[in-house]
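Chain by chain, the residues run as shown.
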Amino acid sequence: MANVRVSERQNLLDVAIQESGSILAAFDLAVANDISVTDDLTAGQVLQTVDIYNADVFNYYTQKNLKPATGFSSFGTPGETEEEGISIWAINIDFIVQ
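In this text the structure is predicted, and so the values were computed from the model without any measurement.

What follows is about unusual backbone geometry. Positive phi is not limited to glycine here, since Arg9 has a value of about 70°. Looking at where Arg9 falls in the secondary structure, it is placed in the loop between β1 (3-5) and α1 (12-20). You can call Arg9 partly exposed: its relative accessible area is 41%. Phi angles above zero are rare outside glycine, and Asn65 is one such case at about 55°.

Another point: the side chain of Glu19. Note on placement: Glu19 falls in helix α1. Lys67 is the oppositely charged side chain nearest to the buried, salt-bridge-free Glu19, at an N-O distance of 5.4 Å. Ignoring sequence-local partners within four residues, the contact set of Glu19 consists of Val4, Thr49, Ile52 and Phe58.

We now examine the environment of Gln18. Following the sequence through the fold, Gln18 ends up in helix α1. Among the residues examined, Gln18 registers a relative accessible area of 4% and is labelled buried. Here Glu19 takes part through its side chain, which lies 2.8 Å from a polar atom of the side chain of Gln18.

Here the focus is the environment of Ala55. By the element assignment, Ala55 lies in helix α3 (residues 55-63). Of the residues examined, Ala55 reaches a relative accessible area of 43% and is grouped as partly exposed. Remark: the alpha-carbon pair of Ala55 and Gly21, spanning 34 residues in sequence, is separated by 6.3 Å.

Calculation notes
Residues numbered from 1 in each chain as written. Predicted model: local features only at pLDDT ≥ 70, side-chain atom pairs only at ≥ 80, totals over all residues. Heavy atoms only, no water. Helix = DSSP H or I, 4+ residues; strand = E, 2+ residues; numbered from the N terminus. Buried < 20%, exposed > 50% of the residue type's maximum accessible area, 1.4 Å probe, protein only. Lys, Arg positive; Asp, Glu negative; His and termini not counted. Salt bridge = Lys/Arg side-chain N within 4 Å of Asp/Glu carboxyl O. Contact = heavy atoms within 4.5 Å. Polar contact = N/O pair within 3.5 Å; in protein donor to acceptor, adjacent residues only side chain to side chain.

What follows is the structure in structure tokens.
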């Protein structure tokens, strides 16, 4: 099997669809790399790939050089702002009643 380098904000489902054409491969990827399906991946991390589940989807992603990255990042990262608005504010802490 080949290896793949994880891109920024990718999770195991992203890598599964990119490298095998199906999110079902996430379970095989987890076993092959001795990680949990819910583990956070780090940009630059190298994973061993698994067999291709859906060649059409795999070929599409490969030909278009698509690298899905649907993972969340934490607040405070450069370029991101903290949530604002009345549904986030706490009375007498962020939202002052006068």
